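The chain contents come next:
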Amino acid sequence: MRLLRLRGRIPGCLSASSQGRTLPASLAACPRIFAPRRSFTVARTSCAAHSPVLTADRYPHLKRDTRYKALTDEDIAFFKSVIKSDAGVITADRPDELEPFNEDWMRRFRGQSKVVLRPKTAAEVAALLKYCNEHRLAVVPQGGNTGLVGGSVPVHDEIVLSLQNMNEIRSFDEVSGILTCDAGCVLEVLDNWLAERGYMMPLDLGAKGSCQIGGNVATNAGGLRLLRYGSLHGTVLSMEVVLPDGRIVELGQPLRKDNTGYDLKQLFIGSEGTLGIITAVSILTPRRPKAVNVAMLGVSTFEGVQEVFKHAKGELNEILSAFEFFDHTCLNLVKHHIPNVREPFTTQTPFYVLIETNGSNKDHDDEKLAVFLENLMTEGVVEDGALAQDSTQAAGMWSIRETITESLAKEGGNYKYDLSVPVPHLYSVVEEMQERLASVGLFDKNGSATGRVKHVVGFGHMGDGNLHLNLTSTGWAKDIDEAIEPFLYEIIQKHGGSISAEHGLGLMKAPYLQYSKSEAFIELMRSMKSVFDPNGILNPYKYFPPLSK
Ligand code: FAD
Ligand code: MLT
Ligand code: ZN
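Residues numbered from 1 in each chain as written. Chains lettered and ligands numbered in written order. Predicted model: local features only at pLDDT ≥ 70, side-chain atom pairs only at ≥ 80, totals over all residues. Heavy atoms only, no water.

Participant: Could you give an account of the site of ligand 2, naming the residues involved and the relevant values?
Facilitator: In the vicinity of ligand 2, the residues found are Leu148, Arg401, Thr405, Lys416, Phe459, His461, His468, Glu502 and His503. At 2.7 Å from an oxygen atom of ligand 2 is found a side-chain nitrogen or oxygen belonging to Arg401. Taken by itself ligand 2 offers 270 Å² of open surface, and the protein chains cover 87% of this. Across the shell around ligand 2, the residue classes break down as 2 nonpolar, 4 polar and 3 charged. (Near = heavy atom within 4 Å. Polar contact = N/O pair within 3.5 Å; in protein donor to acceptor, adjacent residues only side chain to side chain. Areas by Shrake-Rupley, 256 points an atom, 1.4 Å probe, with all protein chains shown as cover. Nonpolar A, V, L, I, M, F, W, Y, C, P; charged D, E, K, R; others polar.)

In structure tokens:
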């Protein structure tokens, strides 16, 4: 298998490829450097053999709200009368089955729910939710449980209502591309189903094998191709939701145009299970591209990365479908933790960029890409580069980017932040954090990984101005927490950014919402919440800053 190498220092390589000539032997013999793309479920982090500390113990100020009733045998009997299958109600006498629903993917949060409900229909969801509302039983809606902010698991003994068993495709219109499906459909399953019909899901993320479309909508997930296919605020056309009082409500219709009344579905996109339970989604799906190209480039400065982005927007324009970046420490961690990943280039560069194009005419796209890459080489913007020669190599390049999350999680304590700031400031947030942690003696800036904070890295969706700042440490510790927060949120506010670009607020960021939203805005949010969920049974303790007593 050949991987086309584009070394800035070796004149001729790029033009050889762009004119369809044979590659120099040294390049053609390039060894395989990528592991194949990982498929289906995202491996849960497995660094700790034992369970994480209970959230209630780790955050003792998060007292259980006494408004909520404790679960009784009578409640369980009612749930079993609604969901008749044995597998639909998991109780504490099956701890091995119950526990995964209490722990988040990061293994940072752990609740103490005594029951998981897995209804199969919206009518069952309605009956269960109405009962919980009338009896003041708190409920956490749960999709694929891949959320990264502690929103999908209980804090105390809230009931988990999982959408796992609601996974039917309801309809698909092959002309308009409008798909309607149950909220519990797994993203990758939907995408594979659409592939057979020449379509694709408009979003893609590393958790695709486990996350559900309902969870994606509830978090307003962004992912790897938002740059091209837009946010869920644009592609979700309507949804079916169940409100705490048991009403099943259609929010809109599966139409591209509908100007009747408030657009209530928009409120539910990114509501993180605080307003109602999403039971079905209608979404506009694009045609699957006939031509896909993927390239990886090595760049020596973040200014250079921005320069590549400018070129990509200008020269690849309408076919640009992803522009991702990561720093060399991310790459080193992937090489360390993921089998069969090797160095992409002979010399390391501080930054790597992954670019993808999606188009309908391969010759046209290849030509555009050739001009783009040639310009980068001529201007000396990139140090090194590789263009995938087939879909396996393309998948391998994506695999490096997509396994950064897993590699970081394997390091032990992984402090994960997801933020938006204007693109020119994106990486300076990482540097400011490195400075800060070095100044309090927690981090060695020379890269020795000897401090208690071992790595401070940056990667993300450069095309969306979205940075994933991650820290790895020898373990969770209060002094590390305090060195990061609220310092980081102050920097983000200073740059006019958002404390959550795509992962949401959950439990983790709820106390810091005022760094991104005004008091008046938060007050309006609370009013909305009380309209939909007046008894506050849905996903308590999260999303909103605690009310000062
Ligand atoms: P869950 O984690 O189960 O739930 C998330 C939140 O939504 C919770 O508050 C929950 O209560 C609520 N919820 C879930 N389902 C429903 C429902 N049906 N009705 C109402 N509320 C509901 N996120 C990105 O945005 N971009 C990425 O690129 C990305 N990559 C990731 C890569 C990896 C390896 C991992 C582990 C996570 C990644 N994530 C990413 C985060 C996560 O996958 C997304 O937030 C995803 O949308 C969550 O979907 P889920 O089904 O797992 O929801
Ligand atoms: C990503 O872009 O890979 C995800 O948002 C997950 C992460 O931030 O780790
Ligand atoms: Zn992301």
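Participant: Residues and numbers for the state of the cysteines, please.
Facilitator: Taken as a whole and assessed by the stated rule, the structure comprises 0 disulfides. Between Cys181, a cysteine without a disulfide, and Cys185, which holds the nearest cysteine sulfur, the sulfur-to-sulfur distance is 4.3 Å. The class of Cys181 is buried, set by a relative accessible area of 0%. (Disulfide = S-S within 2.5 Å. Buried < 20%, exposed > 50% of the residue type's maximum accessible area, 1.4 Å probe, protein only.)

Participant: Can you lay out the pairing of strand E6 (residues 169–173) for me, pointing to particular residues and giving the numbers?
Facilitator: Pairing between E6 and strand E7 (residues 178–182): 4 bridges, direction antiparallel. Of the residues in E7, the one forming a bridge with Asp173 is Ile178. The turn joining E6 and E7, which pair antiparallel and follow one another in sequence, is formed by 4 residues; a positive phi near 80 degrees is taken by Gly177. (Pairing = 2+ DSSP bridges. Helix = DSSP H or I, 4+ residues; strand = E, 2+ residues; numbered from the N terminus.)

Participant: Residues and numbers for the domain arrangement of the chain, please.
Facilitator: For the chain, the assigned domains read domain 1 (2–30 + 289–405), domain 2 (47–162), domain 3 (169–284) and domain 4 (411–508). Here domain 2 and domain 4 have C-alpha centroids that lie 31 Å from each other. On the side of domain 4, 12 residues touch domain 2, which itself brings 13 residues to the contact. Roughly 1,100 Å² is buried in total at the junction of domain 2 and domain 4, and carbon and sulfur atoms are behind 69% of that figure. When residues of domain 2 are sorted by the area they lose upon contact with domain 4, Arg108, Leu148 and Val149 head the list and together hold 51% of the total. The tally of links from domain 2 across to domain 4 stands at 1 salt bridge. Ionic pairing is found between Arg58 and Asp481, a salt bridge with its closest N-O pair at 3.9 Å. One can count 2 residue pairs in polar contact (both at pLDDT 80 or more) joining domain 2 with domain 4. Of the residues assigned to the side of domain 2 that touches domain 4, the class counts are 7 nonpolar, 3 polar and 3 charged. (Domains from an automatic or database assignment. Contact = heavy atoms within 4.5 Å. Buried area = accessible area lost by both parts, 1.4 Å probe. Salt bridge = Lys/Arg side-chain N within 4 Å of Asp/Glu carboxyl O.)

Participant: Before we move on, could you go through the nonpolar core and cite the residues and values that matter?
Facilitator: With 67 residues, the main nonpolar core has Val308, Phe325, Tyr417, Leu469 and Leu471 as its most contacted residues. Once residues lying within four places of it in the same chain are set aside, the contact partners of Val308 are Leu297, Val299, Phe323, Ile355, Phe372, Leu376, Val381 and Val382. (Core = buried A, V, L, I, M, F, W, Y, C linked by side-chain atoms within 4.5 Å.)

Participant: Tell me about helix H15 (residues 391–402), and name the residues and values.
Facilitator: Three or four residues apart is the spacing at which side chains of an α-helix point the same way, because the helix has 3.6 residues per turn. Spanning 12 residues, H15 covers 16 Å between terminal C-alpha atoms, matching the ideal 16 Å at 1.5 Å per step. A large share of H15 lies buried, amounting to 10 of its 12 residues. Of all the positions in H15, only Gln393, Ala394, Ala395, Gly396, Met397, Trp398, Ser399, Ile400, Arg401 and Glu402 are classed as buried. (Expected span 1.5 Å × (residues − 1).)

Participant: Describe in detail the site of ligand 1, supporting the description with residues and values.
Facilitator: Taken together, 36 residues form the shell around ligand 1, and within it Pro141, Gly143, Gly144, Thr146 and Gly147 come nearest. Between Gly144 and ligand 1, the recorded distance is 2.8 Å, taken from a backbone N or O atom to an oxygen atom. One of the side-chain N or O atoms of Asn539 is found 3.2 Å from an oxygen atom in ligand 1. If ligand 1 stood free it would expose 970 Å²; the protein chains cover 97% of that surface. For the shell around ligand 1, the elements supplying multiple residues, two or more each, are strand E4 (139–142), helix H8 (213–219) and strand E10 (277–284). With 5 residues, H8 is the largest single contributor of residues to the shell around ligand 1. The residue inventory of the shell around ligand 1, partitioned by class, reads 12 nonpolar, 22 polar and 2 charged.

Participant: Talk me through helix H5 (residues 95–102); I want residue IDs and the actual numbers.
Facilitator: Taken as a whole, H5 has its buried residues at Leu98, Phe101 and Asn102. Seen end-on, H5 carries its buried residues on one side only, within an arc spanning 105 degrees. Packed against the buried residues of H5 are strand E2 (89–91), strand E3 (115–117), E4 and strand E5 (159–162). (Arc of directions from axis to C-beta.)

Participant: Lay out the pattern of salt bridges in plain terms, naming residues and giving numbers.
Facilitator: Should their charged atoms come close, side chains of opposite charge can pair. With the rule as written, the count across this model stands at 30 salt bridges. With a shortest N-O distance of 3.0 Å, Arg170 and Glu240 are connected by a salt bridge. Within this pair, whereas Arg170 is found in strand E6, its partner Glu240 is found in strand E8 (residues 236–242), the two being separated by 70 residues in sequence. For Glu240, a relative accessible area of 8% translates into the label buried.

Participant: Let's hear about the side chain of Gln434: which residues, and what values?
Facilitator: By secondary structure assignment, the location of Gln434 is in helix H17 (residues 426–439). Judged by its relative accessible area of 17%, Gln434 falls in the buried class. A polar atom in the side chain of Gln434 sits 3.0 Å from the backbone oxygen of Val456. In this view, Gln434 contacts Phe443, Lys445 and Val456; residues no more than four positions away in its chain are not counted.

Participant: Requested: an account of the sheet that holds strand E9 (residues 248–251), with residues and values cited.
Facilitator: Strand order in the open sheet formed by 5 strands is E6-E7-E10-E8-E9, with antiparallel pairing between adjacent strands. Each edge of the open sheet carries a strand with a single partner, namely E6 and E9. Ignoring which end each strand starts from, the neighbouring axes of this sheet average 10 degrees apart. Examined bridge by bridge, E8 and E10 share 6 bridges and lie antiparallel to one another. (Axes fitted to C-alpha atoms, helices over the stretch in contact; angles between N-to-C directions.)

Participant: Outline the UniProt feature "domain: FAD-binding PCMH-type" (unreviewed entry) in the chain, supporting the account with residue identities and numerical values.
Facilitator: The residues that UniProt annotates with the feature "domain: FAD-binding PCMH-type" (unreviewed entry) are residues 109–288. With 23% helix and 22% strand, the stretch residues 109–288 has end C-alpha atoms that lie 38 Å from each other. (UniProt positions renumbered as here; feature names shortened; annotations may be inferred.)

Participant: Outline the sheet that holds E5, listing residues and values.
Facilitator: If you walk across this open sheet you meet the 4 strands as E2-E3-E5-E4, and the pairing is mixed. Both outer strands of the open sheet, E2 and E4, are each paired with one neighbouring strand and no more. Neighbour-to-neighbour, the strand axes of the sheet open up by a mean angle of 20 degrees, direction not taken into account. Sitting on the sheet, H5 is in contact with E2, E3, E4 and E5, with an inclination near 100 degrees to E2.

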